[in-house]
Amino acid sequence: MTHQQTITVNTRGRGTTEITDEVAAIVRASPTACGLAHIFVLHTSGSVILTENADPAVRRDLELLARRWAPDADPAYAHSDEGDDDMAAHGRSVLTGSSIAVPVTDGKLVLGTWQGIYLWEHRTQAHRRRIVITVLG
Amino acid sequence: MTHQQTITVNTRGRGTTEITDEVAAIVRASPTACGLAHIFVLHTSGSVILTENADPAVRRDLELLARRWAPDADPAYAHSDEGDDDMAAHGRSVLTGSSIAVPVTDGKLVLGTWQGIYLWEHRTQAHRRRIVITVLG
Amino acid sequence: MTHQQTITVNTRGRGTTEITDEVAAIVRASPTACGLAHIFVLHTSGSVILTENADPAVRRDLELLARRWAPDADPAYAHSDEGDDDMAAHGRSVLTGSSIAVPVTDGKLVLGTWQGIYLWEHRTQAHRRRIVITVLG
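Since the structure is predicted, the reported quantities are computational estimates derived from the model, not experimental observations.

Novice: Help me out: how do you make sense of the packing of helix α3 (residues 86-96) of chain A against helix α2 (residues 56-69) of chain B in this one?
Specialist: What describes two packed helices is the angle between their axes and the distance between those same axes. As a packed pair, α3 of chain A and α2 of chain B sit with axes 10 Å apart at the nearest point and diverge in direction by 65 degrees. Viewed along their axes, α3 of chain A and α2 of chain B adopt a mutual orientation that is roughly perpendicular. Note that α3 of chain A runs across α2 of chain B; the crossing there is right-handed. Contact with α3 of chain A, carried on its side by Met87, His90, Gly91 and Val94 of chain A, involves Val58, Asp61, Leu62 and Leu65 of chain B of α2 of chain B and no other residues of that element. Considered class by class, the residues forming the contact of α3 of chain A with α2 of chain B number five nonpolar, two polar and one charged.

Novice: Got a minute to help me understand unusual backbone geometry in this structure?
Specialist: Excluding glycine, a negative phi dihedral is what most residues carry, and trans is how most peptide bonds are arranged. One non-glycine residue, Asp106 of chain A, adopts positive backbone phi at about 50 degrees. Here Asp106 of chain A shows up in the loop between β5 (99-105) and β6 (108-109).

Novice: Any chance you could explain the interface of chain B and chain A here in plain terms?
Specialist: Interface extent is often summarised as the accessible area lost during association of the parts. Of the residues lining the interface, 28 residues belong to chain B; the matching set on chain A comes to 25 residues. At the level of elements, β3 (35-41), β4 (46-52), α2, α3 (86-96) and β5 (99-105) of chain B are the ones that each hand at least two residues to the side of chain B that touches chain A. Tallying contributions element by element places α2 of chain B first for the side of chain B that touches chain A, with seven residues.

Novice: Explanation requested: the environment of Asp61 of chain B in the structure shown.
Specialist: Among the structural elements, Asp61 of chain B can be located in helix α2. A C-alpha to C-alpha distance of 13 Å links Asp61 of chain B and Trp120 of chain B, two positions 59 residues apart in sequence. For Asp61 of chain B, the contacting residues outside a window of four places in its chain are Tyr77, Ala78, His79 and Met87 of chain A.

Novice: Just to check I follow, could you spell out helix α1 (residues 20-29) of chain B for this structure?
Specialist: Owing to its 3.6 residues per turn, the α-helix aligns residues three or four sequence positions apart on the same side. Residues and elements named next belong to chain B. Every buried residue of α1 is accounted for by Val23, Ile26 and Val27. Along the axis of α1, the buried residues cluster in a sector spanning 100 degrees; they form a single face. Exposed and facing more than 90 degrees away from the buried side of α1 are Asp21, Arg28 and Ala29. Lining the buried residues of α1 we find β1 (3-10), β3, β5, β6 (108-109), β7 (115-121) and β8 (128-136).

Novice: Any chance you could explain the interface of chain C and chain A here in plain terms?
Specialist: With 25 residues of chain C at the contact, the number on the chain A side is 28 residues. Contributions of two or more residues to the side of chain C that touches chain A are made by β3 (35-41), α3 (86-96), β5 (99-105) and β8 (128-136) of chain C. The element contributing the most residues to the side of chain C that touches chain A is α3 of chain C, with five residues. Looking at side-chain class alone, the side of chain C that touches chain A contains twelve nonpolar, twelve polar and one charged residues.

Novice: Looking at this structure, I do not really get the sheet that holds strand β2 (residues 15-18) of chain A. What am I missing?
Specialist: Two orientations exist for strands paired in a sheet by backbone hydrogen bonds: parallel and antiparallel. Residue and element names in this part refer to chain A. Pairing within the open sheet is antiparallel, and its three strands lie in the order β2-β7-β4. Bordering the open sheet on either side are β2 and β4 (46-52), each of which pairs with just one other strand. Ignoring strand direction, the axes of neighbouring strands in this sheet form an average angle of 40 degrees. Sheet analysis places β2 next to strand β7 (residues 115-121), joined by four bridges and oriented antiparallel. Each residue of the ladder has a partner; that of Thr16, found in β7, is Trp120. Packed on one face of the sheet, helix α2 (residues 56-69) meets β2 and β4 and runs near 135 degrees to β4.

Novice: It is not clear to me how the relation of the copies chain C and chain A should be interpreted in this structure. Could you clarify?
Specialist: The operation linking the two copies of the chain is a rotation about an axis combined with a translation along the axis. The operation relating chain C to chain A is a screw motion whose rotation component is 120 degrees, with 0.0 Å of axial translation and a residual RMSD of 0.0 Å. Taken together, these values place the two copies in the relation of a three-fold axis. Closest approach to the rotation axis among the C-alpha atoms of chain C is made by Leu95 of chain C, whose C-alpha sits 3.6 Å away.

Novice: So what exactly am I meant to see when it comes to the sheet that holds β8 of chain B here?
Specialist: Residue and element names in this part refer to chain B. Judged by pairing direction, the sheet is antiparallel, and its five strands sit side by side in the order β1-β8-β3-β5-β6 without closing on themselves. Only two strands of the sheet have a single neighbouring strand rather than two, namely β1 and β6. Note: β3 against β5, six bridges, orientation antiparallel. Its bridge partner being in β5, Gly35 is matched across the sheet by Val104.

Cut-offs and rules
- Residues numbered from 1 in each chain as written.
- Chains lettered and ligands numbered in written order.
- Predicted model: local features only at pLDDT ≥ 70, side-chain atom pairs only at ≥ 80, totals over all residues.
- Axes fitted to C-alpha atoms, helices over the stretch in contact; angles between N-to-C directions.
- Helix = DSSP H or I, 4+ residues; strand = E, 2+ residues; numbered from the N terminus.
- Parallel < 35°, antiparallel > 145°, perpendicular 65-115°, else oblique.
- Left-handed = near helix turned anticlockwise from the far one by under 90°.
- Contact = placed C-beta atoms within 7 Å.
- Nonpolar A, V, L, I, M, F, W, Y, C, P; charged D, E, K, R; others polar.
- Buried ≥ 20, exposed ≤ 12 C-beta atoms within 10 Å, placed from the backbone.
- Arc of directions from axis to C-beta.
- Pairing = 2+ DSSP bridges.
- Least-squares fit on C-alpha atoms with pLDDT ≥ 70 in both.

Next up, the structure:
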């Protein structure tokens, strides 16, 4: 039976928030023994990513790369209704993705040793982000 | 029970075509109440993405960014069998992805207010693209 | 009934290894007639991608693009514990994704004519990579 739950994450503006523990708890509480957990953010200016969970410098360097992939305040942008970071946020979201799916085995999330699940906020201001977690199998 | 359907989209060359309504109708017609809808393009020079659905300038700006991510006619490319946009299209497809999965709740697609589903054609010429939609849960 | 299997791929350092046949065989051996196959790498410095399977120059050109998306030895990186290719590998993994899902119809993987499934190793040294394949529907 499919289990679905929505969580809310309050971000502090641009940067990553680890949500591995929240997702793992939802998977453990679900009836699925073998299948997938899907983690989906309901916004177009944030991403859900998997990345290295040991050294916080990795996530700071990802921010550095993202500034090149989709810079703020680019004079070539036509869309800037919500400020200098508006189109940059949409670009980063399309590049790095709104959702991931992770295997579930023996009722538990399966991740490599160094893999963590992160909500990546792309707007400079703090936001309240809703994430839908679906566990099925 | 899993429901699967293939749709065809005729593109007018490079750019986005919204397919949210087509996907939503397939989800409503499926027997799945709670689960996922997976939308997959059967080609390596187009993408399926989620992005902002209100201001068309966002999708024009995505095109602007894509020209930097994977430019046309780069003299460094070894692959150009089908023209100046050939390798650029493969690069954009790998970056932005061939498929997405979206939650289904109460028999309906769950999207944020500003999220739309788009087929992104990366070739400059018009193409006939096949998209497989799988609804399961 | 969900079927899950882990395979190991020995890479020869940076570059792509096709795994379409291994995944197709696991799908055929699974009880799922209609659904999805999910292919997930348990590491943060490799990706699972879909791309053109005919001309190897496409994958060499992807490597060329990746050098621009996330260069080695960038003096701006804070994270370089494991060498010049360390942060570049994490950046490429976040950009191109740790997993894909592919439709299954009549008990077989559904791919377009030119679509192949590849493990993309982003580290310069050879690595042993574990990939979890989940078939459900």
